[in-house]
Amino acid sequence: VDARLNQVDPAAEQVVTRRQAWQFRSAPLRYEDDHLVVATCVPALARALRFATTHIASPVFFVLVTPEELAKHLSNRFPMIGMDEDIIRRGFQAA
């Protein structure tokens, strides 16, 4: 697992709801120099960027991880019944 996913600030996670984290494939991790660090993956970057520019007040810095790493992180930090790696994979295939 990408070590950057282990550096989490619960205050940063409060910027999005669980549903938003999964829907926009965006996992806020922490603040660095007044920027919100958000994990996403390459297939979801455009979606995450659109969400960040319209819903997050602070500047955002994205870190890219694999879809599998993102799904695992979302499952651990933003758990929702029925949401897992398979949902992310199917979502990319349907897009």
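Right, let's walk through the structure included here. (Residues numbered from 1 in each chain as written. Predicted model: local features only at pLDDT ≥ 70, side-chain atom pairs only at ≥ 80, totals over all residues. Heavy atoms only, no water.)

**So, the pattern of salt bridges**
Item 1. All told, the structure shown has two salt bridges when counted by the stated rule.
Item 2. Notably, a salt bridge pairs R77 with E13, separated by 2.8 Å at the nearest N-O pair. Linking R77 in helix 4 (residues 67–77) with E13 in helix 1 (residues 10–13), this pair joins segments that are 64 residues apart in sequence.
Item 3. A relative accessible area of 38% places R77 in the partly exposed class.
Item 4. By relative accessible area, E13 is classed as buried at 9%.
Item 5. Across the pair R30 and E32 runs a salt bridge whose closest N-O atoms are separated by 2.7 Å. (Salt bridge = Lys/Arg side-chain N within 4 Å of Asp/Glu carboxyl O. Helix = DSSP H or I, 4+ residues; strand = E, 2+ residues; numbered from the N terminus. Buried < 20%, exposed > 50% of the residue type's maximum accessible area, 1.4 Å probe, protein only.)

**Some remarks on the nonpolar core**
Item 1. Counting residues in hydrophobic clusters, the biggest one holds 26 residues, and the most contacted among them are A27, L29, A39, L70, L74, F78 and I88.
Item 2. Elements with a contribution of two residues or more to this core: helix 2 (18–23), strand 1 (27–32), strand 2 (35–40), helix 3 (45–55), strand 3 (60–64) and helix 4.
Item 3. At four residues, strand 2 tops the list of elements feeding residues into this core.
Item 4. What L74 contacts, discounting residues up to four positions off in sequence, is A21, W22, S26, A27, P79 and I88. (Core = buried A, V, L, I, M, F, W, Y, C linked by side-chain atoms within 4.5 Å. Contact = heavy atoms within 4.5 Å.)

**Points about the sheet that holds strand 2**
Item 1. Here three strands make up an open sheet; going across it, the order is 1-2-3 and the pairing mixed. Across the chains shown, the open sheet's two edge strands, defined by having one partner strand only, are strand 1 and strand 3. Averaged over all adjacent pairs, the angle separating strand axes in this sheet is 30 degrees, with direction ignored.
Item 2. Alignment of strand 1 against strand 2, held across five bridges, turns out to be antiparallel. What sits directly across from Y31, in strand 2, is L36.
Item 3. Against the sheet, helix 3 contacts strand 2 and strand 3, and its axis sits at roughly 165 degrees relative to strand 3.
Item 4. Where helix 4 meets the sheet, its contacts fall on strand 1 and strand 2, and the angle it forms with strand 1 comes to roughly 85 degrees. (Pairing = 2+ DSSP bridges. Axes fitted to C-alpha atoms, helices over the stretch in contact; angles between N-to-C directions.)

**Some words on the packing of aromatic side chains**
Item 1. The full count for this structure, using the stated rule, is one aromatic pair.
Item 2. Measuring from ring centre to ring centre gives 4.3 Å for F24 and F51, while their planes differ by 10 degrees; the resulting arrangement is stacked. A residue pair is termed long-range when its members are at least 10 positions apart, and F24 in the loop between helix 2 and strand 1 and F51 in helix 3 qualify at 27 residues.
Item 3. F24 gets classed as buried once you look at its relative accessible area, which sits at 18%. (Phe/Tyr/Trp six-rings, centres within 6.5 Å; stacked < 30°, edge-to-face > 60°.)

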